[in-house]
Amino acid sequence: MGFEKITLEHKRQVLEELADIKALFASRNWFPGTSGNLSMRVGDFDPEQFYFAVTASGKDKSLRTPEDFLFVDKHGKAIETTALKPSAETLIHCEIYRLTGCGAVFHVHTVFNNLISEFFGADGHVPIQGIELIKAFNIWEENAEIRVPVLPNFADIPSIAELVPGVLDANVPGILLRNHGIYAWGKDAFEAKRHLEAFEFLFEVMYRQLLLKGATK
Ligand SMILES: CSC[C@@H](O)[C@@H](O)C(=O)COP(=O)(O)O
Ligand SMILES: [Zn+2]
């Protein structure tokens, strides 16, 4: 489906939902120093052609303005004439949509995701086992273990994006960038938010557990 076939009403709904989520995350201090970016797909998913709304680069994400989002195509290029620049990390969003067909991708920098990504960075993944909130990823088995991939935080975003297919785990809707932040996604904004909140909770539990155990592993 071409971008022009997607109804204005649907596009407006998506922008409103994104703006509400942005305000909520900002209230949690999840966008310090203009960091973080959010996106939501508009229209159906087709790996050959899809579109999404993404935060404009470098904005203060705690503010609500008419210039907070723009629409881009599957290559991360703006589809309409605009002075706004898509998030510097849009290519990572593109890759996640392409590989998963998801409906929303949220990226935040928090103290806990930074600390945990660095502590386990050399291993290439964060192992999480036996914590109830793993069920937020629809994993119901007892004492389940997941591994959250950790990618190096290259300055060159395309170099990060090209590593995504090699580490993405269909059962784990998130990827950490070392000393940077997390990308979490879901079939829609509700699910992406649930996943992101679960990751952040799990990272905080792990951080505190490591302190309790004297930071041995
Ligand atoms: C201002 S530090 C954060 C940025 O370097 C980047 O990692 C980030 O998350 C926000 O970039 P943006 O281009 O505004 O989407
Ligand atoms: Zn970032």
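Residues numbered from 1 in each chain as written. Chains lettered and ligands numbered in written order. Predicted model: local features only at pLDDT ≥ 70, side-chain atom pairs only at ≥ 80, totals over all residues. Heavy atoms only, no water.

With an unreviewed UniProt entry as reference, the chain is termed Methylthioribulose-1-phosphate dehydratase, source organism Paenibacillus xylanexedens. As its UniProt record puts it under Function (unreviewed entry), the chain is described as follows: "Catalyzes the dehydration of methylthioribulose-1-phosphate (MTRu-1-P) into 2,3-diketo-5-methylthiopentyl-1-phosphate (DK-MTP-1-P)." Listed under Sequence similarities (unreviewed entry) in UniProt, the entry text for the chain is "Belongs to the aldolase class II family. MtnB subfamily." (UniProt positions renumbered as here; feature names shortened; annotations may be inferred.)

Following the sequence through the fold, His 93 ends up in helix α2 (residues 90–100). Among residues more than four places away in sequence, those in contact with His 93 are Asn 37, Leu 38, Ser 39, Phe 52, Val 105 and Tyr 183. (Helix = DSSP H or I, 4+ residues; strand = E, 2+ residues; numbered from the N terminus. Contact = heavy atoms within 4.5 Å.)

Before going further, it helps to spend a moment on the coordination of the zinc ion (ligand 2). Of the protein atoms, only Glu 89 (OE), His 107 (NE2), His 109 (NE2) and His 180 (NE2) coordinate the zinc ion (ligand 2), at distances of 2.1 to 2.7 Å. Here the zinc ion (ligand 2) is ringed by six donor atoms whose angles at the metal span 74 to 169 degrees, and the overall shape comes out octahedral. Between the donor residues of the zinc ion (ligand 2), the gaps in sequence give the motif E-x17-H-x1-H-x70-H. Taken as a pair, His 107 in strand β4 (residues 104–108) and His 180 in the loop between β7 (174–177) and β8 (181–186) lie far apart in primary sequence, 73 residues in all. (Donors = N, O, S within 2.8 Å, 3.2 Å for Na, K, Ca; no water. Tetrahedral: all angles 85-135°; square planar, octahedral: opposite > 155°, others 65-115°.)

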